Amino acid sequence: MATLQATARRRHRRLVRHTLDLKLSPYAYIAPFFLLFCAFGVFPLIFTAWVSLHEWTLTSDAHTFIGAENFTTLLGDGYFWNATFNTFSIGIISTVPQLVLAIWLAHLINRPLRAQTFFRITLLVPNVTSVVAVVVIFSQLFGRDYGLINWMLSWFGIDGVAWAEGTATSHVAISAMIMWRWTGYNALIFLAAMQAVPKELYEAATLDGASNLTQLRKITIPMIKPTIVFVVTVSTIGAMQILAEPLLFGAGSGAGGITSGGPDHQFQTLALYVYDLGFNKFDFGYASAASWVMFLFVVLAAGVNYLLTRRMGGAFK
């Protein structure tokens, strides 16, 4: 009798351990991610919100609580709204053509071609290239006096353009750098989604006489709509956080005011504006307020883009 009771207790303990293992193991596996996310994501976000409510500078040990004064001042700051405009302008100019070109390139590579692996690797090369090298090269290409772009424009009788000195021209130059870096990367994402589209659909469309453009519009785009929504959302978030390109472009072009985005702030983005406040002027309280408003802009832009993309996706069906 005692032996049967001991055996029953052992079975019960094994059952309890097995049940706990099934229920707790998944949480243990994902715990490292959430611990890191809380340490480097949630905590900085909350602490930044706390700092934004104070007059917090590195030149003073006192951190005076001022409530929403930083936010009130920020909303009346012309440089902040100028940076907001520049961010949206560069984001639209760089993102829209980039995604259209990425889908087109992915559609071309998705067809039977020789040396497909070579072309796919080539698309990824710009993304793995150092951003410093990219900006240095493009700064030379868009140089006012000896730049290759102005030299080509001179063939058509167009005088040298001071790309870094104008608002529209500097936005075009910076957008060209972003497009060159990220078009191939997004094309590979679209290509991966296109690989999952059944080949029978293309074969049936070919038999019906549909052109490549018609197949792209009527078959490919509707079938990869979830991927398009994902890429558009991620690209929008990235466009709202542009920092390295305008920062290095100001240094490489000699436009002056590296962290101010040129002498007239003509290409200063929101991320560069926050960088200038925090690490040039050491006004962490004001920079934190700008960071939080920037965060709200990113969430709003990503949400609107997500809704528009999903709604527009139905137009291709």
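Rules used in this analysis
Every residue gets a number counted from 1 within its own chain, in the order that chain's sequence is written. Note on the predicted model: pLDDT of at least 70 is required for a residue's local features to be given, and 80 or more for side-chain atom pairs to be given and counted; whole-chain, interface and lining totals, by contrast, use all residues. Remark: hydrogens and water are excluded; side-chain values derive from all non-hydrogen atoms of the structure. Under the scheme used here, helices are H or I runs from DSSP no shorter than 4 residues and strands are E runs no shorter than 2 residues, and both carry numbers assigned from the N terminus. Only the C-alpha atoms count toward the radius of gyration. The rule for a globule is 2.2 Å times the residue count to the power 0.38. Buried means the residue's accessible area, taken with a 1.4 Å probe over protein chains only, is under 20% of the maximum for its type, while exposed means over 50%, and partly exposed covers the values in between. Each accessible area is a Shrake-Rupley result for a 1.4 Å probe, and residues are judged covered by the shown protein chains and nothing else. Any carboxyl oxygen of Asp or Glu within 4 Å of a side-chain nitrogen of Lys or Arg constitutes a salt bridge here. Given the number of residues in a helix, its expected span is that number minus one, multiplied by 1.5 Å. Axes are fitted to the seven residues ending at a residue and to the seven starting at it; the angle between these axes is taken as the bend at that residue. By nonpolar core is meant a set of buried Ala, Val, Leu, Ile, Met, Phe, Trp, Tyr and Cys residues that side-chain atoms within 4.5 Å join together. Polar contacts, as counted here, are pairs of nitrogen or oxygen atoms within 3.5 Å of one another; within protein the pair requires one atom able to donate a hydrogen and one able to accept it, and residues that are adjacent in sequence qualify only if both atoms are side-chain atoms. Pairs of residues are marked as contacts when any of their non-hydrogen atoms sit within 4.5 Å. Working definition: rings of Phe, Tyr and Trp (its six-membered ring) pair if their centres are within 6.5 Å, and the pair is stacked with planes under 30 degrees apart, edge-to-face with planes over 60 apart, and tilted otherwise. Each axis is a line fitted through C-alpha atoms, and for a helix only the stretch in contact is used; angles between axes span 0 to 180 degrees, taken between their N-to-C directions. Angle categories are assigned with fixed cut-offs, so that under 35 degrees is roughly parallel, over 145 is roughly antiparallel, 65 to 115 is roughly perpendicular, and the rest are oblique. Crossings are sorted by hand: turned counterclockwise from the far helix by less than a right angle, the near helix makes the crossing left-handed, and turned clockwise it makes it right-handed.

Observations concerning the overall build of the chain
Then, in step 1: What the chain contains, in helices and strands, is 13 helices and two strands.
Then, in step 2: Rg of the C-alpha trace for the chain: 26 Å, well past the compact-globule value of 20 Å for 317 residues, more than 25% over.
Then, in step 3: Projected onto the principal axes, the alpha-carbon positions of the chain cover approximately 105 × 75 × 35 Å.
Then, in step 4: Within the chain, buried positions represent 37% of all 317 residues.
Then, in step 5: Carbon and sulfur atoms make up 70% of the accessible area of the chain, which amounts to about 18700 Å² in all.

Overview of the pattern of salt bridges
Then, in step 1: Counting across every chain of the model gives two salt bridges.
Then, in step 2: Here Glu245 and Arg181 are joined by a salt bridge, their closest N and O atoms 3.3 Å apart. A residue pair is termed long-range when its members are at least 10 positions apart, and Glu245 in helix α11 (residues 244-253) and Arg181 in helix α7 (residues 167-194) qualify at 64 residues.
Then, in step 3: Residue class for Glu245 comes out buried when judged on its relative accessible area of 7%.

A look at α7
Then, in step 1: In a regular helix each residue adds 1.5 Å, so 28 residues correspond to 40 Å; α7 covers 38 Å between its end C-alpha atoms and thus fits that length.
Then, in step 2: At Trp182, α7 shows its largest kink, close to 35 degrees.

So, the nonpolar core
Then, in step 1: Ile103, Phe190, Met194, Ile224 and Ile228 are the most contacted members of the largest nonpolar core, which totals 21 residues.
Then, in step 2: Taken together, the elements giving at least two residues each to this core come down to α3 (78-109), α7, α8 (199-207), α9 (212-223) and α10 (225-239).
Then, in step 3: Leu74, Ala83, Ala271 and Met294 belong to the second largest nonpolar core, which has 17 residues in total.

Description of the side chain of Asn70
Then, in step 1: Within the secondary structure, Asn70 sits in helix α2 (residues 69-75).
Then, in step 2: We classify Asn70 as buried; its relative accessible area is 9%.
Then, in step 3: A polar contact of 2.9 Å, which involves the side chain of Asn70, links it to the backbone oxygen of Ser52.

A look at unusual backbone geometry
Then, in step 1: Despite not being glycine, His265 has its phi angle at roughly 55 degrees, a positive value.
Then, in step 2: Residue placement: His265 occurs in the loop between α11 and α12 (270-279).
Then, in step 3: If you check the backbone angles, Phe282 has positive phi at about 60 degrees while not being a glycine.
Then, in step 4: Along the chain, Phe282 falls in the loop between α12 and α13 (284-313).

Brief notes about α9
Then, in step 1: For α9, with twelve residues, the first-to-last C-alpha span of 15 Å sits near the 16 Å given by 1.5 Å per residue.
Then, in step 2: For α9, the set of buried residues is Gln215, Leu216, Ile219, Thr220, Ile221 and Pro222.
Then, in step 3: Check the buried side of α9 and you find it contacts α3, α7, α8 and α10.

Things to note about the packing of aromatic side chains
Then, in step 1: The full count for this structure, using the stated rule, is 18 aromatic pairs.
Then, in step 2: Each ring, one from Phe33 and one from Phe37, has its centre 6.0 Å from the other, and the planes form 15 degrees; the classification is stacked. One end of the pair, Phe33, and the other, Phe37, are both in helix α1 (residues 2-51), four residues apart, so they sit about a helical turn from each other.
Then, in step 3: Accessibility expressed as a relative area gives 54% for Phe33, which makes it exposed.
Then, in step 4: Judged by relative accessible area, which is 43%, Phe37 ranks as partly exposed.
Then, in step 5: Measuring from centroid to centroid gives 6.0 Å for Phe80 and Tyr273, while their planes differ by 55 degrees, and the two rings are tilted. In this pair, Phe80 sits in helix α3 while Tyr273 sits in helix α12, placing the two residues 193 residues apart along the sequence.
Then, in step 6: Assessed through its relative accessible area of 4%, Tyr273 is described here as buried.
Then, in step 7: Put simply, the rings of Phe80, Trp81, Tyr273 and Phe297 touch in pairs and so form one group of aromatic residues.

So, the packing of α8 against α9
Any two packed helices are characterised by the angle at which their axes cross and by the distance between the axes.
Then, in step 1: With their axes 11 Å apart at the nearest point, α8 and α9 run at an angle of 165 degrees to one another. Of the possible angle classes, the one that applies to α8 and α9 is roughly antiparallel. The interaxial crossing formed by α8 with α9 has right-handed handedness. Along its contact with α8, which presents Leu201, Tyr202, Ala205 and Thr206, the element α9 presents Gln215, Ile219, Thr220 and Met223.

Observations concerning the environment of Ile93
Then, in step 1: Take Ile93: it is sitting in helix α3.
Then, in step 2: Once the C-alpha coordinates of Ile93 and His171 are considered, the two residues, 78 residues apart in sequence, prove to be 7.8 Å apart.
Then, in step 3: The residues touching Ile93, leaving out its near neighbours within four places in the chain, are His171, Ser175 and Met179.

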